[in-house]
Amino acid sequence: MRKKKETPKKGTPVLKNVVSLRVSDQEKRLLERLTRATSLNVSDLVREAIGFWLAKGRGRSGTANKGSRPSLVLAGNSN
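The rules behind each value
- Every residue gets a number counted from 1 within its own chain, in the order that chain's sequence is written.
- In view of the model being predicted, local features appear only for residues whose pLDDT reaches at least 70, and side-chain atom pairs are presented and counted only at 80 or more, with totals across whole chains, interfaces and linings using the full set of residues.
- With hydrogens and water set aside, each side-chain value is computed from the structure's full complement of heavy atoms.
- Any carboxyl oxygen of Asp or Glu that lies within 4 Å of a side-chain nitrogen of Lys or Arg is treated as forming a salt bridge with it.
- Secondary structure is summarised from DSSP: a helix means a run of H or I of at least four residues, a strand means a run of E of at least two, and numbering begins at the N terminus for each.
- Here's how the labels work: a residue is buried when its accessible area is under 20% of the maximum for its type, exposed when over 50%, partly exposed in between, all with a 1.4 Å probe on protein chains only.
- Take the number of residues in a helix, subtract one, and multiply by 1.5 Å to get its expected span.
- Two residues qualify as a contact provided that any one of their heavy atoms is within 4.5 Å of a heavy atom in the partner residue.
- Polar contact is defined as a pair of N or O atoms within 3.5 Å, subject to the rule that within protein one atom must be able to donate a hydrogen and the other to accept it, and that residues adjacent in sequence are counted only when both atoms are side-chain atoms.

Visitor: Before we go on, may I ask you to explain the pattern of salt bridges in this structure?
Guide: Here the idea is simple: oppositely charged side chains can pair when their charged atoms come close. Enumeration over the complete set of coordinates arrives at two salt bridges. One salt bridge in this structure joins Lys28 and Glu32, with 2.7 Å as the shortest N-O distance. Placement of both Lys28 and Glu32 in helix 1 (residues 25–38) is noted, with a separation of four residues, approximately one turn of the helix. The exposure class of Lys28 is partly exposed, given its relative accessible area of 46%. For Arg47, the salt bridge goes to Asp44, with nearest N and O atoms at 2.4 Å. With Arg47 and Asp44 both in helix 2 (residues 42–55), this residue pair falls three residues apart, about one helical turn. For Asp44, a relative accessible area of 27% translates into the label partly exposed.

Visitor: Where do I start with helix 2 in this structure?
Guide: Note: α-helices contain 3.6 residues per turn, so residues at a spacing of three or four share the same orientation. The end-to-end C-alpha distance of helix 2 is 20 Å, a good match for the 20 Å that 14 residues give at a rise of 1.5 Å each. Buried residues in helix 2 make contact with helix 1. Capping the start of helix 2, Asn41 holds a side-chain oxygen 3.1 Å from the backbone nitrogen of Ser43, two or three residues further along. Gly57 occupies a position one or two residues after helix 2 and carries a positive phi of about 90°.

Visitor: Would you explain helix 1 in this entry?
Guide: Over its 14 residues, helix 1 runs 20 Å from end to end, which matches the ideal 20 Å to within 8%, given 1.5 Å per residue. Downstream of helix 1 by one or two residues, Ser39 has phi in the positive range, about 60°.

Here you go:
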């Protein structure tokens, strides 16, 4: 039996785009701990991290050096 999709609350944007990414085992464990600690799901955590990243101005084009890929570091990730 398929799970019934929840209808978004009035005024909440409908999120229909899917982004897939690969993470290390350590990053996955960290995300799992964060979901338990914050009561947020992984999608909400990643959206929040992207929001912080963009708020710092790192999401604007031209701010990163050409040829380099800045990494998004999760809290608690010492690498």
